[in-house]
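Overview (structure and organization)
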Amino acid sequence: MTTGQLSSARLRLVPVTVADAGEMVRVLSGAALYAFTGGSPPGLDELRARYARQAAGRSPGGQEEWHNWILRREPGGEAIGYVQATIVEDGRRAEIAWVVGLDWQGRGYATEAARALVTWLDARGTTVIQAHIHPGHAASAAVAWRAGLRPAGTFQAGEQLWVRHRPS
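So, here's what we can say about the structure. (Residues numbered from 1 in each chain as written. Predicted model: local features only at pLDDT ≥ 70, side-chain atom pairs only at ≥ 80, totals over all residues. Heavy atoms only, no water.)

With respect to the helices, strands and loops of the structure, Ser140 is situated in helix 4 (residues 138–146). The buried category is assigned to Ser140, whose relative accessible area is 13%. (Helix = DSSP H or I, 4+ residues; strand = E, 2+ residues; numbered from the N terminus. Buried < 20%, exposed > 50% of the residue type's maximum accessible area, 1.4 Å probe, protein only.)

Further remarks concern the sheet that holds strand 4 (residues 79–88). Read from one edge of the open sheet, 8 strands run 1-2-3-4-5-6-8-7, paired in mixed fashion. Where the open sheet ends on each side, the last strands, each with one partner, are strand 1 (6–7) and strand 7 (150–156). Alignment of strand 7 against strand 8 (residues 159–165), held across 4 bridges, turns out to be antiparallel. Following the sheet pairing, Gln156 is matched in strand 8 by Glu159. (Pairing = 2+ DSSP bridges.)

The next subject is the environment of Asp45. Tracing the chain through its elements places Asp45 in helix 2 (residues 44–55). Since its relative accessible area comes to 59%, Asp45 is described here as exposed. The spacing of Asp45 and Gly22 is 23 residues in sequence and 9.2 Å in space, taken between C-alpha atoms.

Let us look at the nonpolar core. Counting residues in hydrophobic clusters, the biggest one holds 44 residues, and the most contacted among them are Leu13, Met24, Leu28, Ile96, Trp98, Leu121 and Leu149. Broken down by element, this core gets its largest block of residues, 9 residues, from helix 3 (residues 109–123). Every residue in contact with Met24, bar those within four places of it in the chain, is listed here: Leu47, Tyr51, Ile70, Ala79, Gly81 and Tyr82. (Core = buried A, V, L, I, M, F, W, Y, C linked by side-chain atoms within 4.5 Å. Contact = heavy atoms within 4.5 Å.)

What follows concerns the packing of aromatic side chains. Under the criterion given, the structure shown has 1 aromatic pair. The lysine or arginine in question, Arg150, covers the ring of Trp145, its NZ or CZ lying 3.5 Å from the ring centre. (Phe/Tyr/Trp six-rings, centres within 6.5 Å; stacked < 30°, edge-to-face > 60°. Lys NZ or Arg CZ within 6 Å of the ring centre and 35° of its normal.)

No statement about biological role is implied by the geometric values presented.
Okay, here's the thing in structure tokens:
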């Protein structure tokens, strides 16, 4: 399944392209974004290479579907972050993640985007949606909760697993 645009009340979620790297370097430039995930802000060449891989839509071995969207505010189309879904097990399970740049945090954009992503995954029949969240990252935990995920009670690589099973 190809990645198409999604939308919500204030956002357009647009499939990532290499051309987005220039704008996204600024969005992802805040060092505080990496406090819980580690790493540092990506440079332009690094981001171009990452987006080229992601835009392929599949892992090199073909076992994972990759869906990545740039979050664009409406009106205007300004990039403010991204969401992604890695889908495995013939579409039955998806790992999701979200990042909103520091200038746009605290306004509900991450929740809005995560909900749009969960709705899209539900429509395609995904049974289990999960996210890994650092136990100290209260803002991401709140986004997961508002998107319908709940703590599973397990930790992997220091992060708490949050899960949502498709409603029947």
